[in-house]
Amino acid sequence: MSKNKNSKSFGIALSGISCAVASLALALGILSDYLVATGYVIGVTALMVPLTKQFYKGDFLAYVGTCILAVVLGAAVKFWKLVPFAMFFGLHPLINALQVRYKFNRWLALVIKAVWFDCTLIATYFLVYNGVLGGGIFPQELYDIVNKYIFLFIFTLGSALFFVYDYLIFKLQIFMNILVLRIIK
């Protein structure tokens, strides 16, 4: 085995493992209506593993492989549930890592990523919910108000939610860096 822990074969192995875990989590999450968010969280966390060793190409390829394998493993039946992951959640950790590496202005990056997140929410609203939110949890009048002012809700509440999410993803990446460092030692 190579003494260089950051060799190409090590990067391929980390990327392959993260792709396998993320694909399985996404496929199971998408096939179960109750586990979609769990599948996303596990998928995003798994895709952070190659980033712990700065394998940016490997992470991107793991993301592409994850999307393809999730479709092959069953997400083709409900592909619209994969759209938010493919549009935003799968790429977000990589963008954060590149932002840190190239010392991109964090405030400008935050605004750009928030708009990207809001566009993902709009696409999800139209693809997943066909442009109409509804359900039995809240009174129909509330859903009518939300549907009427959906863009206002997305650009205010969605952006506020994104700021919290982005902060937590940065903290999760730090935790993953420490965890992988301990495992490899």
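Before reading on, note that the structure itself is shown above.
## Remarks on the nonpolar core
In step 1: Within the largest apolar cluster, 32 residues are counted, with the highest numbers of intra-cluster contacts made by V44, L82, F85, F89, F162 and Y165.
In step 2: For this core, the secondary-structure elements that each account for two or more residues are α1 (8–31), α2 (36–47), α3 (56–75), α4 (83–89), α6 (106–127) and α8 (150–184).
In step 3: Ranked by the residues each element gives to this core, the list is headed by α1, at six residues.
In step 4: Those residues in contact with Y165, other than ones at most four positions away along the chain, are V44, F88, F89 and H92.
In step 5: Listed in part, the five residues of the second largest apolar core include I122, Y125, V146 and I150.

## Structural notes on the packing of aromatic side chains
In step 1: This model, assessed by the stated rule, comprises 16 aromatic pairs.
In step 2: The interplanar angle of 45 degrees and the centroid separation of 5.5 Å between the aromatic rings of Y40 and F89 together place this pair among those described as tilted. Here the residue Y40 occupies a position in helix α2, and F89 occupies one in helix α4, the gap between them amounting to 49 residues.
In step 3: Judged by its relative accessible area of 16%, F89 is buried.
In step 4: Each ring, one from F126 and one from F151, has its centre 6.4 Å from the other, and the planes form 40 degrees; the classification is tilted. Within this pair, whereas F126 is found in helix α6, its partner F151 is found in helix α8, the two being separated by 25 residues in sequence.
In step 5: With a relative accessible area of 42%, F126 lands in the partly exposed category.
In step 6: Exposure remark for F151: the relative accessible area of 42% places this residue in the partly exposed category.
In step 7: Following the ring pairs from residue to residue traces out a cluster consisting of Y40, F85, F88, F89, W116, F117, F162, F163 and Y165.

## Comments concerning the environment of Y40
In step 1: On the basis of relative accessibility, which here comes to 10%, the residue Y40 falls in the buried class.
In step 2: Separated by 89 residues in the primary sequence, Y40 and Y129 place their C-alpha atoms 18 Å from one another.

About the cut-offs
Residues numbered from 1 in each chain as written. Predicted model: local features only at pLDDT ≥ 70, side-chain atom pairs only at ≥ 80, totals over all residues. Heavy atoms only, no water. Core = buried A, V, L, I, M, F, W, Y, C linked by side-chain atoms within 4.5 Å. Buried < 20%, exposed > 50% of the residue type's maximum accessible area, 1.4 Å probe, protein only. Helix = DSSP H or I, 4+ residues; strand = E, 2+ residues; numbered from the N terminus. Contact = heavy atoms within 4.5 Å. Phe/Tyr/Trp six-rings, centres within 6.5 Å; stacked < 30°, edge-to-face > 60°.

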